[in-house]
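# Remarks on the overall topology
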Amino acid sequence: MKFIIGNWKMNGNTEQKDVLLKSIKNVQTNNKIVICLPFTLLHGNDFGITIGAQDISEHTNGAYTGDISGQMLKDANIKYVIVGHSERRFYHNETNDIVKAKATTAVAYGITPIICIGETQSERNMGRTMSVVKKMLLESVPDYGEYIIAYEPRWAIGSGTTPSVSEIKAIHETIFKTLRNINRENTPILYGGSVDEENAKTITSVAHVDGLLIGRASLKSDTFLPIIKSID
Ligand code: PEP
(Lines give C-alpha, C1' and ligand atoms only; values in the text may rest on other atoms or scores of the structure.)
Protein backbone atom coordinates (compact mmCIF):
# COMPACT_ATOMS: atom_id res chain seq x y z
CA MET A 1 0.00 0.00 0.00
CA LYS A 2 1.32 3.42 -0.97
CA PHE A 3 -0.02 6.81 0.05
CA ILE A 4 -1.18 8.97 -2.83
CA ILE A 5 -1.92 12.38 -1.41
CA GLY A 6 -3.22 15.29 -3.44
CA ASN A 7 -2.56 18.91 -2.47
CA TRP A 8 -5.02 21.29 -4.11
CA LYS A 9 -3.32 24.40 -2.68
CA MET A 10 -5.51 27.49 -3.30
CA ASN A 11 -7.46 25.94 -6.18
CA GLY A 12 -10.85 24.41 -6.80
CA ASN A 13 -14.51 24.75 -5.96
CA THR A 14 -17.31 22.47 -4.77
CA GLU A 15 -18.17 21.23 -8.24
CA GLN A 16 -14.56 20.36 -9.08
CA LYS A 17 -14.16 18.62 -5.73
CA ASP A 18 -17.27 16.49 -6.31
CA VAL A 19 -16.15 15.56 -9.82
CA LEU A 20 -12.72 14.41 -8.63
CA LEU A 21 -13.92 12.53 -5.54
CA LYS A 22 -16.62 10.75 -7.52
CA SER A 23 -14.11 9.67 -10.15
CA ILE A 24 -11.68 8.37 -7.49
CA LYS A 25 -14.49 6.40 -5.88
CA ASN A 26 -14.90 4.44 -9.10
CA VAL A 27 -11.25 3.32 -9.18
CA GLN A 28 -10.22 0.02 -7.59
CA THR A 29 -7.01 0.62 -5.63
CA ASN A 30 -5.08 -0.82 -2.71
CA ASN A 31 -3.39 2.53 -2.16
CA LYS A 32 -4.42 5.09 0.44
CA ILE A 33 -5.81 8.15 -1.30
CA VAL A 34 -6.10 11.48 0.55
CA ILE A 35 -7.05 14.82 -1.02
CA CYS A 36 -5.92 17.90 0.91
CA LEU A 37 -8.40 20.66 0.11
CA PRO A 38 -8.71 24.38 0.88
CA PHE A 39 -10.58 25.07 4.14
CA THR A 40 -13.87 26.04 2.45
CA LEU A 41 -14.10 22.59 0.82
CA LEU A 42 -13.37 20.47 3.89
CA HIS A 43 -16.98 19.94 4.93
CA GLY A 44 -19.31 17.56 3.11
CA ASN A 45 -17.97 14.48 1.38
CA ASP A 46 -20.48 12.02 0.02
CA PHE A 47 -17.95 9.85 -1.74
CA GLY A 48 -16.04 8.25 1.14
CA ILE A 49 -12.64 9.54 0.00
CA THR A 50 -10.35 10.69 2.81
CA ILE A 51 -10.04 14.47 2.97
CA GLY A 52 -7.09 16.36 4.47
CA ALA A 53 -6.36 20.00 5.26
CA GLN A 54 -3.36 22.11 4.19
CA ASP A 55 -2.57 23.90 7.45
CA ILE A 56 -3.42 23.96 11.16
CA SER A 57 -2.82 26.60 13.80
CA GLU A 58 -0.36 25.77 16.56
CA HIS A 59 -2.71 27.59 18.97
CA THR A 60 -5.71 26.00 20.66
CA ASN A 61 -8.23 28.82 20.12
CA GLY A 62 -8.64 32.57 20.49
CA ALA A 63 -7.57 35.77 18.76
CA TYR A 64 -5.84 34.33 15.68
CA THR A 65 -7.84 35.80 12.81
CA GLY A 66 -7.84 33.64 9.73
CA ASP A 67 -6.35 30.57 11.39
CA ILE A 68 -7.96 27.14 11.80
CA SER A 69 -7.55 25.12 14.99
CA GLY A 70 -7.08 21.41 15.56
CA GLN A 71 -10.49 21.33 17.24
CA MET A 72 -12.08 22.80 14.10
CA LEU A 73 -10.39 20.25 11.84
CA LYS A 74 -11.42 17.45 14.17
CA ASP A 75 -14.97 18.79 14.13
CA ALA A 76 -14.86 18.61 10.31
CA ASN A 77 -13.74 14.97 10.62
CA ILE A 78 -10.31 15.67 9.13
CA LYS A 79 -7.71 12.92 9.63
CA TYR A 80 -4.68 14.36 7.81
CA VAL A 81 -3.13 17.80 7.56
CA ILE A 82 -0.13 19.06 5.59
CA VAL A 83 2.27 21.09 7.74
CA GLY A 84 5.39 22.99 6.73
CA HIS A 85 4.75 22.95 3.00
CA SER A 86 7.53 24.97 1.36
CA GLU A 87 4.95 27.56 0.25
CA ARG A 88 3.92 28.05 3.92
CA ARG A 89 7.56 28.16 5.00
CA PHE A 90 8.37 30.69 2.25
CA TYR A 91 5.28 32.97 2.09
CA HIS A 92 4.33 32.77 5.79
CA ASN A 93 7.79 32.50 7.33
CA GLU A 94 7.07 29.20 9.00
CA THR A 95 10.19 27.98 10.78
CA ASN A 96 10.97 24.43 11.87
CA ASP A 97 9.83 25.40 15.40
CA ILE A 98 6.44 26.54 14.11
CA VAL A 99 6.10 23.44 11.94
CA LYS A 100 6.90 21.24 14.95
CA ALA A 101 4.30 23.09 17.05
CA LYS A 102 1.69 22.63 14.31
CA ALA A 103 2.52 18.94 13.92
CA THR A 104 2.32 18.50 17.70
CA THR A 105 -1.10 20.19 17.76
CA ALA A 106 -2.35 17.95 14.94
CA VAL A 107 -1.25 14.83 16.80
CA ALA A 108 -2.98 16.06 19.96
CA TYR A 109 -6.27 16.18 18.02
CA GLY A 110 -5.84 12.74 16.45
CA ILE A 111 -4.91 14.20 13.06
CA THR A 112 -1.88 12.81 11.21
CA PRO A 113 0.48 15.59 10.13
CA ILE A 114 2.15 15.27 6.74
CA ILE A 115 5.37 17.14 7.48
CA CYS A 116 7.09 18.62 4.42
CA ILE A 117 10.84 19.05 4.19
CA GLY A 118 13.13 19.81 1.27
CA GLU A 119 16.03 21.91 0.10
CA THR A 120 15.99 25.01 -2.09
CA GLN A 121 17.75 25.27 -5.45
CA SER A 122 20.64 27.22 -3.96
CA GLU A 123 21.08 24.75 -1.09
CA ARG A 124 21.17 21.99 -3.69
CA ASN A 125 23.71 23.89 -5.78
CA MET A 126 25.94 24.25 -2.71
CA GLY A 127 25.77 20.48 -2.09
CA ARG A 128 23.90 20.98 1.16
CA THR A 129 20.82 18.85 0.40
CA MET A 130 21.47 16.08 2.93
CA SER A 131 22.39 18.33 5.84
CA VAL A 132 19.46 20.70 5.18
CA VAL A 133 16.96 17.86 4.90
CA LYS A 134 18.23 16.15 8.07
CA LYS A 135 18.08 19.36 10.08
CA MET A 136 14.58 20.20 8.83
CA LEU A 137 13.44 16.69 9.65
CA LEU A 138 14.81 16.53 13.19
CA GLU A 139 13.63 20.04 14.08
CA SER A 140 10.12 19.72 12.53
CA VAL A 141 8.83 16.40 13.86
CA PRO A 142 6.75 16.14 17.04
CA ASP A 143 8.12 14.30 20.07
CA TYR A 144 5.23 11.84 20.10
CA GLY A 145 2.44 10.55 17.86
CA GLU A 146 2.28 9.19 14.34
CA TYR A 147 3.26 11.32 11.37
CA ILE A 148 4.16 11.17 7.70
CA ILE A 149 7.19 12.82 6.10
CA ALA A 150 6.99 14.31 2.60
CA TYR A 151 10.33 15.00 0.96
CA GLU A 152 9.62 17.83 -1.46
CA PRO A 153 12.64 19.61 -2.96
CA ARG A 154 11.41 23.18 -3.31
CA TRP A 155 12.98 23.55 -6.76
CA ALA A 156 11.02 20.53 -8.01
CA ILE A 157 7.60 21.80 -6.96
CA GLY A 158 5.57 22.92 -9.95
CA SER A 159 8.70 23.09 -12.12
CA GLY A 160 8.28 20.00 -14.27
CA THR A 161 11.70 18.73 -13.08
CA THR A 162 12.40 16.06 -10.49
CA PRO A 163 15.59 14.79 -8.89
CA SER A 164 17.07 11.71 -10.58
CA VAL A 165 16.03 8.29 -9.31
CA SER A 166 19.45 7.85 -7.69
CA GLU A 167 19.11 11.20 -5.90
CA ILE A 168 15.63 10.27 -4.63
CA LYS A 169 17.01 6.92 -3.48
CA ALA A 170 19.90 8.51 -1.59
CA ILE A 171 17.78 11.19 0.07
CA HIS A 172 14.99 8.83 1.09
CA GLU A 173 17.58 6.46 2.53
CA THR A 174 19.06 9.31 4.56
CA ILE A 175 15.59 10.29 5.80
CA PHE A 176 14.86 6.66 6.69
CA LYS A 177 18.13 6.30 8.62
CA THR A 178 17.58 9.59 10.42
CA LEU A 179 14.11 8.42 11.44
CA ARG A 180 15.50 5.06 12.52
CA ASN A 181 17.97 6.84 14.81
CA ILE A 182 15.00 8.35 16.65
CA ASN A 183 13.10 5.03 16.67
CA ARG A 184 10.70 6.12 13.93
CA GLU A 185 11.67 3.66 11.20
CA ASN A 186 8.00 2.86 10.46
CA THR A 187 7.22 6.45 9.46
CA PRO A 188 5.97 6.66 5.84
CA ILE A 189 8.21 8.82 3.63
CA LEU A 190 6.54 10.37 0.58
CA TYR A 191 8.13 12.06 -2.42
CA GLY A 192 6.59 15.26 -3.82
CA GLY A 193 7.53 17.63 -6.65
CA SER A 194 6.37 17.45 -10.29
CA VAL A 195 4.97 13.93 -10.04
CA ASP A 196 2.96 12.94 -13.11
CA GLU A 197 1.65 9.89 -14.92
CA GLU A 198 5.05 9.36 -16.58
CA ASN A 199 7.23 9.26 -13.46
CA ALA A 200 4.89 8.07 -10.66
CA LYS A 201 5.54 4.35 -11.08
CA THR A 202 9.32 4.74 -11.28
CA ILE A 203 9.48 7.00 -8.23
CA THR A 204 7.29 4.76 -6.08
CA SER A 205 9.48 1.77 -6.99
CA VAL A 206 12.46 3.40 -5.24
CA ALA A 207 13.36 1.98 -1.80
CA HIS A 208 11.88 3.97 1.10
CA VAL A 209 9.41 5.83 -1.11
CA ASP A 210 6.11 5.01 0.57
CA GLY A 211 3.95 7.23 -1.57
CA LEU A 212 3.54 10.57 -3.29
CA LEU A 213 2.42 14.10 -2.50
CA ILE A 214 1.01 15.56 -5.68
CA GLY A 215 0.08 19.16 -6.44
CA ARG A 216 -0.94 20.15 -9.94
CA ALA A 217 -1.66 16.63 -11.22
CA SER A 218 -4.14 16.03 -8.37
CA LEU A 219 -6.53 18.75 -9.52
CA LYS A 220 -8.21 16.80 -12.32
CA SER A 221 -9.18 13.19 -12.81
CA ASP A 222 -7.54 13.22 -16.27
CA THR A 223 -4.14 13.61 -14.64
CA PHE A 224 -4.75 12.09 -11.19
CA LEU A 225 -6.48 8.79 -11.98
CA PRO A 226 -3.71 7.55 -14.32
CA ILE A 227 -1.24 8.07 -11.45
CA ILE A 228 -3.38 6.05 -9.04
CA LYS A 229 -3.81 3.29 -11.63
CA SER A 230 -0.12 3.25 -12.57
CA ILE A 231 1.06 2.33 -9.10
CA ASP A 232 -1.44 -0.35 -8.22
C1 PEP B 1 3.24 20.29 -3.89
O2 PEP B 1 3.11 21.51 -3.93
O3 PEP B 1 3.10 19.68 -2.81
C4 PEP B 1 3.59 19.60 -5.12
C5 PEP B 1 4.14 18.43 -5.04
O6 PEP B 1 3.29 20.27 -6.29
P7 PEP B 1 3.52 19.75 -7.80
O8 PEP B 1 3.11 18.29 -7.83
O9 PEP B 1 2.61 20.60 -8.62
O10 PEP B 1 4.95 19.92 -8.11
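As shown above, the structure is provided for reference.
What counts as what
Residues numbered from 1 in each chain as written. Predicted model: local features only at pLDDT ≥ 70, side-chain atom pairs only at ≥ 80, totals over all residues. Heavy atoms only, no water. Helix = DSSP H or I, 4+ residues; strand = E, 2+ residues; numbered from the N terminus. Rg over C-alpha atoms; globule rule 2.2 N^0.38 Å. Buried < 20%, exposed > 50% of the residue type's maximum accessible area, 1.4 Å probe, protein only. Contact = heavy atoms within 4.5 Å. Areas by Shrake-Rupley, 256 points an atom, 1.4 Å probe, with all protein chains shown as cover. Lys, Arg positive; Asp, Glu negative; His and termini not counted. Charge placed at Lys NZ, Arg CZ, Asp CG, Glu CD. Near = heavy atom within 4 Å. Nonpolar A, V, L, I, M, F, W, Y, C, P; charged D, E, K, R; others polar. Pairing = 2+ DSSP bridges. Right-handed = clockwise from strand over helix to strand, strands pointing away. Axes fitted to C-alpha atoms, helices over the stretch in contact; angles between N-to-C directions. Salt bridge = Lys/Arg side-chain N within 4 Å of Asp/Glu carboxyl O.

### Considering the overall build of the chain
- Counting secondary structure elements, the chain contains nine helices and eight strands.
- The globule rule puts the C-alpha radius of gyration for 232 residues at 17 Å, and the 17 Å found for the chain is close to it.
- Each principal axis of the C-alpha distribution contributes one length, and for the chain these read about 45 × 45 × 30 Å.
- Each of the 232 residues in the chain was classed as buried or not, and the buried ones make up 52%.
- In the chain, the share of contacts with a sequence separation of at least 24, taken over all contacts with a separation of at least 6, comes to 71%.
- Here the chain displays about 11,200 Å² of accessible surface, and carbon together with sulfur accounts for 48% of that area.
- If you average the places of the 25 positive and of the 25 negative side-chain charges in the chain, the two averages end up 3 Å apart.

### Overview of the site of the ligand
- Around the ligand sit 14 residues in total, of which Lys 9, His 85, Glu 152, Gly 158 and Ser 194 are the nearest.
- A total of 290 Å² of accessible area belongs to the ligand in isolation, and the protein chains cover 98% of it.
- A breakdown of the residues in the shell around the ligand according to their chemical character gives four nonpolar, seven polar and three charged.

### Details of unusual backbone geometry
- Despite not being glycine, Asn 183 shows a phi value in the positive range, around 60 degrees.
- When its relative accessible area of 66% is taken as the criterion, Asn 183 is described as exposed.
- Phi at His 208 is positive, roughly 65 degrees, even though this residue is not glycine.

### A look at the pairing of strand E3 (residues 50–53)
- By the alternation rule, side chains of E3 split into Thr 50 and Gly 52 and Ile 51 and Ala 53, which are all buried.
- As judged from the three bridges shared by strand E2 (residues 32–36) and E3, these two strands associate in the parallel manner. Looking at E3, one finds that Val 34 is bridged to Thr 50.
- Relative to strand E4 (residues 80–83), E3 runs parallel, the two being bridged by two bridges. Bridge assignment links Gly 52 to a residue of E4, and that residue is Tyr 80.
- In this fold, the crossover linking E3 to E4 by way of helix H2 (residues 70–75) has right-handed handedness.

### So, the sheet that holds E4
- Judged by pairing direction, the barrel is parallel, and its eight strands sit side by side in the order E1-E2-E3-E4-E5-E6-E7-E8 before closing back on the first. Neighbour-to-neighbour, the strand axes of the sheet open up by a mean angle of 25 degrees, direction not taken into account.
- Helix H6 (residues 129–140) rests against strand E5 (112–117) and strand E6 (148–151) of the sheet, and its axis sits at about 155 degrees to E5.
- Where helix H7 (residues 165–181) meets the sheet, it contacts E5, E6 and strand E7 (189–192), and its direction lies at approximately 150 degrees from that of E7.

### Considering the environment of Leu 137
- On the secondary structure map, Leu 137 appears in helix H6.
- When its relative accessible area of 1% is taken as the criterion, Leu 137 is described as buried.
- For Leu 137 and Glu 198, which are 61 residues apart along the polypeptide, the C-alpha to C-alpha distance reads 28 Å.

### Observations concerning the pattern of salt bridges
- Tallied over the entire structure, the rule returns nine salt bridges.
- One salt bridge connects Lys 102 with Glu 94, and the closest N-O pair in it is separated by 2.8 Å. Both residues of the pair, Lys 102 and Glu 94, belong to the buried class.
- Put simply, Glu 173 and Lys 177 hold a salt bridge, and the shortest N to O gap is 3.1 Å. Taken as a pair, Glu 173 and Lys 177 lie in helix H7 at a separation of four residues, close to a single helical turn.
- According to the relative accessible area criterion, Glu 173 is partly exposed, its value standing at 31%.
- We classify Lys 177 as partly exposed; its relative accessible area is 39%.

Spatial relationships are all this shows, so hold off on functional conclusions.
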